[in-house]
Each structure stands twice: as structure tokens, then as C-alpha cells.
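A structural walkthrough
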Amino acid sequence: MSYYLPMDNSDSQLSEALFDSFIVPDPNAALIESAEYVQQIPEQIPEYCISKNEINENQTRVSRSYNRYSPYDSSSSRSSSVSSVHSHVKFGTYNPMNWTSQRVYFIPAKAEGPNQTHAKGKLVERWKNVSRRLRSVGAIDLNRKKSDSLRNTESNITFSDDIQEAKEWLKNEGCSALFEDIKVKWILTHEIRKTEFPDLKLRNLNDLFESWIVLKSPRGHELISEDFFLDYPSQKTLFPDWKAYLTKWTKVSNILINVRRSSIKDKHAKGLLSKLDSVHIYEDNNTADVIKILLIPYLTPTKTIIKKCDVSGVKKNWKPSLEESARSFVTVVPNISEIESDIIQRRNKYCQFGCTIQPFVYLVGEDLSSISQSYVRVDNQLWTFNSPLEALDACFKAYFGLNCSYPRECYESWIFIQQHIYGLKTEYDQLSAITTSISNKFDMLNTQ
């Protein structure tokens, strides 16, 4: 049985009077009209507000909330969580909201699925406030570094005598021994290299090359590749030979160009696309591979701002252009003598913003159809390769084998190669809207 109150101006005062008379005599009922009040003012109640049936004390009335949730509304779904009944001067007895339930006190973090969230609730907020106060008085380390006990545990890992002897052999005789013997010793000492630099932020490539001097040999990149295959053994199954790599590269690069071709606005990149169309007519695959490599930073552009504040407090911002992003990925020079001057200019530029030169590729040739030499620069080493694609493959493996970070100015380009050519995804990947969109398009094409 429902009762509806008038909402016009003439009866507004009466409506307020009726609602002021509502009380809740027990938790199992909603709002109830006082029978005594009805007896006192029967002449003030319009006929359309009173049911034809007799009004009993246990009959309920509809509240103003019109089924909106209220702490004064006692429903069967909440009765199990209520521990006490409170009373109010106007509303009588009611059930308070249970703010101490688990869903308010602590909401655990969600680490899986597309919608990941941090932990929430009163417990989390309380810990943030307390820890902030403790850090302000020095009770908690501001840098949140690893404890000394954990660091000592990592540094006190012991290895067998054979492994220690293999490391000493590589240091003393590695540069003059047969490469097959070097490879055996290198594989044997793989775990030592993983524990020597546990903190990647404190890791310096120059220290690694000095500790493992055999990396400075002309075939040092092959040793890095061995570490890459030891960490990711599935890659040997994915690419059993170079032909399998070429097949995967051709397929992935063609799809990327097809799905992102319309997004190209840069004049230089449009010129590269025109050259690519013309070399396809003549089936010049070597030149086509060079152009595809150079197009990757334009097809997967990186939008970032690198900030640096010097000692005088002056802020410097660097927003890399598409050309700068492309040069940090692969640089083409007409002759090898210009490599040294390019490195000097690059080092001076990066020092202004606190950046370091990460591994990248050099291609040497008068034009794109006459690339004669391919190099990969890592630290101060310059390794030679037979083709631009081999250099690109070795450069990527250097990032994973040496645990290097991708350059910020061409981050999306390396993420694309990592995920779509090598099929590797890690917890450190930072996906932008562009890389996510490309991945979605690739997934759609793969499911068709």
C-alpha cells in the first residue's frame, strides 16, 4: 500500500507536517506514520492521501528518498552487518552505516587485468600519513633503499671454484684465446654477471666493460647475444636461423607501414615512403630494409620532454624532434670519419640534460642504396656487422643482455621492436597511446 503526498504550493506546509510526523519504531520497518498524529489532525489530510483501508500501526509509508539508499532504511541485505541500533529525536531508531567494514577500511590493490589500481582505504591513508611524518623526522630513509642485510646477502653470494677460475681466465687470457673457448667460459660465468650489479640505477656500462674486458674484442657482441639467449631461451626456438628472422622482420615491418602510413606528416618521412615504393618495384630488398629501419621512429613517434635543472637553478627543457628521435635510433653518415665528430656533438648535447649515450646503430654510405658498413656503438665500442638488419638485431640484444634502458627520445621505437619482432613483454614496459594503438591493430590482424 503506497501513499503519495502532494507537491503543489498549497499543500507544501501540510506535506512538511506529515513528514515531520514519521518515526521508525523498530529496525525491521521503514518510515511509519504516527497513529496519534493522524487522530489529532484528521481534518487536515486530503482524501487522496489516505487509503480506503484502515490504517494500522505496522503499515509503512514511502519516504522522500524514493528508494535511494539511506542509513535510516533497514533492509534485510544489511541487517547482518549491523551491530547496534541508534535512536534519533526526530527519526526514532535507525541502523548506522557500517563504516568500519572491510570494503571501506581496506581495499586491496588490483594487479591484474586492464584496470589496475593501488590499495585504498583508511588503513592505507593512515600508513601514508604516519610514514610521511616518520620520514620528516628522519626515522625512515627518504630514498627507500634496500636494507643493508639484503645488500649483504646479494654481495655474499658464493660461486664454485670452477666459475671463479673461469672468470679469471677470461680476464687474463680472454683477449688472445680461441673464441670457442671464450664462449664456453663466458656461458659458465653467466650468473656472476647477473649478481655483480644488482642495482640497475648504480650500474655503469663502463664498469662492466672494465670488469669483463673480453667484451672489448671485435666479437664481444656475440658474447652479449649468448647472455640474451641464456636469459630468454625461447628466442632460439623463435629464430632458429637468420632466415626465420628475415621472415618475421618482413612481415612485421610491412604491417607497421600499412597501419601507420596515413599518420605520416613529416616531409622527410614522406620522402622515405616514396623511395620505399620505388625500390619495391625493382625488388631491391637491401635498400627496402634500410628505409624500413629509418621509418620506424616516424611510424612510432616518441613524444617526451627531457628536463634538467643546473646548479644555478636554471631549468632546461629538451623536446626531441622527430629527426632527433630518428638519429638516436639509427644514424646515417656518408663516411666513417664523421662518426667520431657525431659522437662528440651527441655527448655535448646529452650532458646538458643529464643523459647518457645508449646503444645505437650507425650506417655508412653516400645514399640509402649504397650502405657499405653497419656498426653498433655500445659504451666506447664500435662493432662491425655485415648488414643493417644484423646491426639492428645486435643492438636490441645489447639492451637486454646488458640491462640498458632505452633512450627516452626513441623509446617507442625499441618497444615496438621488442614486443612485435621478438615477442617480449616485461614489467618495465611503459606503453603510450601510440604503442597501445599499434598493438591493438596488430592483434586484430592476427585474429583475422
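Residues numbered from 1 in each chain as written. Predicted model: local features only at pLDDT ≥ 70, side-chain atom pairs only at ≥ 80, totals over all residues. Heavy atoms only, no water.

Over its 15 residues, helix 13 (residues 267-281) extends 22 Å from the first C-alpha to the last, a length consistent with the 21 Å expected when each residue adds 1.5 Å. Looking at the packing, one finds that the buried side of helix 13 touches helix 12 (242-260) and helix 14 (285-299). Where helix 13 starts, the residue carrying a side-chain oxygen 3.0 Å from the main-chain nitrogen of His 268 turns out to be Asp 266. Looking one or two residues beyond helix 13, the residue adopting positive phi is Glu 283, at roughly 55 degrees. (Helix = DSSP H or I, 4+ residues; strand = E, 2+ residues; numbered from the N terminus. Expected span 1.5 Å × (residues − 1). Contact = heavy atoms within 4.5 Å. Polar contact = N/O pair within 3.5 Å; in protein donor to acceptor, adjacent residues only side chain to side chain.)

So, on to the packing of aromatic side chains. For the coordinates displayed, the defined rule picks out 23 aromatic pairs. The interplanar angle of 55 degrees and the centroid separation of 5.1 Å between the aromatic rings of Tyr 399 and Trp 414 together place this pair among those described as tilted. Residue Tyr 399 is found in helix 17 (residues 388-401), and its partner Trp 414 is found in helix 18 (residues 411-420); the two are separated by 15 residues along the sequence. Here the two residues Tyr 399 and Trp 414 agree in accessibility, since each one is buried. Here the aromatic rings of Tyr 406 and Trp 414 are separated by 6.2 Å at their centres, their planes lie at 15 degrees, and the arrangement is stacked. This pair shows no difference in class: Tyr 406 is buried, exactly as Trp 414 is. (Phe/Tyr/Trp six-rings, centres within 6.5 Å; stacked < 30°, edge-to-face > 60°. Buried < 20%, exposed > 50% of the residue type's maximum accessible area, 1.4 Å probe, protein only.)

In this section: helix 14. Taking 1.5 Å of rise per residue, the 15 residues of helix 14 would be expected to cover 21 Å, and the 20 Å separating its terminal C-alpha atoms lies within 8% of that figure. Taking burial as the measure, the 15 residues of helix 14 include 13 buried ones, the bulk of the element.

Take the pairing of strand 9 (residues 371-378) next. Where strand 8 (residues 360-365) and strand 9 come together, six bridges link them in antiparallel fashion. Residue pairing across strands places Val 361 opposite Val 376, the latter belonging to strand 9. Taking the residues that link successive antiparallel strands as the turn, the strand 8-strand 9 hairpin has five residues. Relative to strand 10 (residues 381-385), strand 9 is paired through five bridges, and the arrangement is antiparallel. Directly across from Arg 377, in strand 10, lies its bridge partner Leu 382. Connecting the antiparallel pair strand 9 and strand 10 is a turn made up of two residues, with Asp 379 showing a positive phi of about 60 degrees. (Pairing = 2+ DSSP bridges.)

Here the focus is the nonpolar core. Residues Phe 329, Phe 396, Leu 402, Trp 414 and Ile 417 are the most contacted members of the largest nonpolar core, which totals 74 residues. Here Ile 417 is in contact with Ile 296, Phe 329, Leu 392, Phe 396 and Tyr 422, once residues within four sequence places are set aside. Core analysis: the second largest hydrophobic core is formed by 12 residues, Ile 306, Phe 353, Phe 360 and Tyr 375 among them. (Core = buried A, V, L, I, M, F, W, Y, C linked by side-chain atoms within 4.5 Å.)

Scanning the model with the defined rule gives 10 salt bridges in all. For Arg 193, the salt bridge identified is with Asp 227, shortest N-O distance 2.9 Å. Here Asp 227 lies in helix 10 (residues 220-231) and Arg 193 lies in helix 8 (residues 190-196), a separation of 34 residues in the sequence. Looking at Arg 193, the relative accessible area reads 7%, which means it is buried. Residue classification places Asp 227 among the buried positions, given a relative accessible area of 6%. Put simply, Arg 327 and Asp 342 hold a salt bridge, and the shortest N to O gap is 2.4 Å. Placement of the pair is Arg 327 in helix 15 (residues 322-329) and Asp 342 in helix 16 (residues 338-351), with a sequence separation of 15 residues. Owing to a relative accessible area of 8%, Asp 342 belongs among the buried residues under this scheme. Each of Arg 327, Asp 342 and Arg 346 takes part in a single network of salt bridges with overlapping partners. (Salt bridge = Lys/Arg side-chain N within 4 Å of Asp/Glu carboxyl O.)

So, about unusual backbone geometry. Its identity as a non-glycine residue notwithstanding, Asp 379 has a phi of 60 degrees, on the positive side. In this fold, Asp 379 is placed in the loop between strand 9 and strand 10. Positive phi values are uncommon outside glycine, yet Asn 403 reaches one of about 55 degrees. For Asn 403, the position within the fold is in the loop between helix 17 and helix 18.

Pairing between strand 7 (residues 330-333) and strand 8: four bridges, direction parallel. Residue pairing across strands places Thr 331 opposite Tyr 362, the latter belonging to strand 8.

All right, on to the packing of helix 18 against helix 19 (residues 433-447) then. Relative orientation and spacing of two packed helices are given, respectively, by the angle between their axes and the distance between those axes. Running from N to C, helix 18 and helix 19 cross one another at 25 degrees; their axes reach a closest spacing of 11 Å. When the axis of helix 18 is compared with that of helix 19, the two are roughly parallel. Once helix 18 is placed against helix 19, the crossing between them reads as right-handed. Where helix 18 abuts helix 19, its residues Glu 412, Ile 415, Phe 416, Gln 419 and His 420 lie against Thr 435, Ile 438, Ser 439 and Phe 442. By residue class, the composition of the contact of helix 18 with helix 19 is four nonpolar, four polar and one charged. (Axes fitted to C-alpha atoms, helices over the stretch in contact; angles between N-to-C directions. Parallel < 35°, antiparallel > 145°, perpendicular 65-115°, else oblique. Left-handed = near helix turned anticlockwise from the far one by under 90°. Nonpolar A, V, L, I, M, F, W, Y, C, P; charged D, E, K, R; others polar.)

Let us look at a positive patch on the surface. Residues Arg 126, Lys 128, Arg 132 and Arg 133 make up a contiguous surface patch of positive charge. Looking at the secondary structure, you find Arg 133 in helix 4 (residues 122-136). Accessibility expressed as a relative area gives 53% for Arg 133, which makes it exposed. (Patch = residues over 30% accessible without salt bridge, like charges linked within 9 Å, V, L, I, M, F, W, Y side chains within 5 Å. Areas by Shrake-Rupley, 256 points an atom, 1.4 Å probe, with all protein chains shown as cover. Lys, Arg positive; Asp, Glu negative; His and termini not counted. Charge placed at Lys NZ, Arg CZ, Asp CG, Glu CD.)

Keep in mind that these numbers describe shape and distance, not what the molecule does.
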